[in-house]
Amino acid sequence: MDSHQISSNLAIVKQRISKACADAGRDPNEITLVAVSKTKPTSYIEYAMEHEQVHFGENRMQELDDKMTELAGKNIEWHMIGNLQTNKIKFIADRVHWVHSIEKLKYLKEFEKRAADANHHVKALIQVNISNEKQKGGCKPEALKDLLLASQSFKHVTVCGLMGMATFTDDESEVRSEFKLLKSLFDEHKQYSEGSVQLEHISMGMSNDMEIAIQEGATMLRIGSDIFGARN
Ligand SMILES: *Cc1c(COP(=O)(O)O)cnc(C)c1O
């Protein structure tokens, strides 16, 4: 991948977003494109930055930590989108802007503590398991209400939405029904927006299912391979 290829991939992804928004009667400005740069070198991130890309996502805490250090001072909003480990949160909570993969209160408390130490602020999304696949992670839909109620008084973390991953399948109707579930959970739980809970975002949709996600109400897309190429 060179700068030219990444630029043309980004343009194609943005066209797909515009088209899906037009079809769904939505405003493309409602949608944040998170370019998922996991496993790719920081040069790829810099190429994408040359084409106005600001939001970048990583799924491993160590890799995110290294890339934030290497690209310190650049105009980047960093998103942690993968599995968390409590003992490593301190390495990223001082710099990361968004974390999509919160599945328990313990993680929010650790982000609150570590972000406070650094006088930093983190936007968090609660990951919900919408696919019934255990390895996908996320809290159970039934656990969401208590999690939100317990999150209303943070000072350095704002819980601003939900994240979900659909089953990896060619069955479009299954993917769609899982995205519909996340949207309906979002609508049902918006009423718990108070203090440091302010539900605004739905993070769903990857390279292979972004159009369905847009139709079903996504406000954040996490796109990796269609921008930066396949991963081995
Ligand atoms: C890798 C990853 C993505 C991006 O996947 P692509 O299929 O490459 O677009 C999105 N979300 C999460 C949580 C990921 O780990």
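Read on for a plain summary of the structure. These figures come from a predicted structure and were not determined experimentally. Throughout, a residue's number is its position along its own chain's written sequence, starting from 1. Local features in this predicted model are restricted to residues whose pLDDT is 70 or higher, and side-chain atom pairs enter the listing and the counts only when it is 80 or higher, whereas totals over whole chains, interfaces and linings include all residues. Values shown for side chains rest on all heavy atoms present in the structure; no hydrogens or waters enter the calculation.

### Considering the site of the ligand
Moving on, step 1. Neighbouring residues of the ligand: V36, K38, N59, I81, M165, M206, S207, R222, I223, G224, S225 and R231.
Moving on, step 2. Between the ligand and S207, the relevant distance is 2.5 Å, taken from an oxygen atom to a side-chain nitrogen or oxygen of the residue.
Moving on, step 3. Values of accessible area rely on a 1.4 Å probe in the Shrake-Rupley scheme; residue burial ignores everything except the protein chains shown. With the chains in place, 92% of the 390 Å² that the ligand exposes on its own is no longer accessible.
Moving on, step 4. Charged means Asp, Glu, Lys or Arg here, nonpolar means Ala, Val, Leu, Ile, Met, Phe, Trp, Tyr, Cys or Pro, and polar covers whatever is left, Gly included. Grouping the amino acids of the shell around the ligand by side-chain chemistry returns 5 nonpolar, 4 polar and 3 charged. Proximity is defined per residue: if any heavy atom of the residue lies within 4 Å of a molecule or strand, that residue is considered near it. Nitrogen and oxygen atoms within 3.5 Å of one another constitute a polar contact, given that in protein one can donate a hydrogen and the other can accept it, and given that sequence-neighbouring residues count only through two side-chain atoms.

### Some words on unusual backbone geometry
Moving on, step 1. Positive phi, normally seen in glycine, also occurs at T39, with a value near 70°.
Moving on, step 2. Where helices and strands are cited, they refer to DSSP runs of H or I of at least four residues and of E of at least two residues respectively, numbered from the N terminus. Structurally, T39 is set in the loop between strand 1 (32-36) and helix 2 (42-50).
Moving on, step 3. According to the relative accessible area criterion, T39 is exposed, its value standing at 51%.
Moving on, step 4. For E52, which is not glycine, the phi torsion reads 70° and is therefore positive.
Moving on, step 5. In this structure, E52 sits in the loop between helix 2 and strand 2 (55-58). Buried, partly exposed and exposed residues are distinguished by accessible area as a fraction of the type maximum, computed with a 1.4 Å probe on protein chains only: under 20%, between the cut-offs, and over 50%, respectively.

### Digging into the packing of aromatic side chains
A ring pair, where both rings are aromatic, is described by two values, the distance of the centres and the angle of the planes.
Moving on, step 1. Classification of ring pairs rests on two measures: the distance between centres of Phe, Tyr or Trp rings, Trp counted by its six-membered ring, which must be within 6.5 Å, and the angle between planes, read as stacked under 30 degrees, edge-to-face over 60 and tilted in between. Under the counting rule described, the total for this entry stands at 3 aromatic pairs.
Moving on, step 2. Ring centres of Y44 and Y47 lie 6.3 Å apart, and the angle between their planes is 25°; on these two criteria the pair is classed as stacked. In this pair, Y44 and Y47 both sit in helix 2, 3 residues apart, roughly one turn of the helix.
Moving on, step 3. For Y44, a relative accessible area of 14% gives the class buried.
Moving on, step 4. Judged by relative accessible area, which is 25%, Y47 ranks as partly exposed.
Moving on, step 5. Considering the side-chain rings of F56 and W78, the 6.5 Å spacing of their centres and the 50° angle between planes classify their relative orientation as tilted. Residue F56 is located in strand 2, and its partner W78 is located in strand 3 (residues 77-80); the two are separated by 22 residues in the primary sequence. In this pair, the class of F56 matches that of W78, namely buried.
Moving on, step 6. Three or more aromatic residues joined by ring pairs make a cluster, and in this case those are Y44, Y47 and F228.

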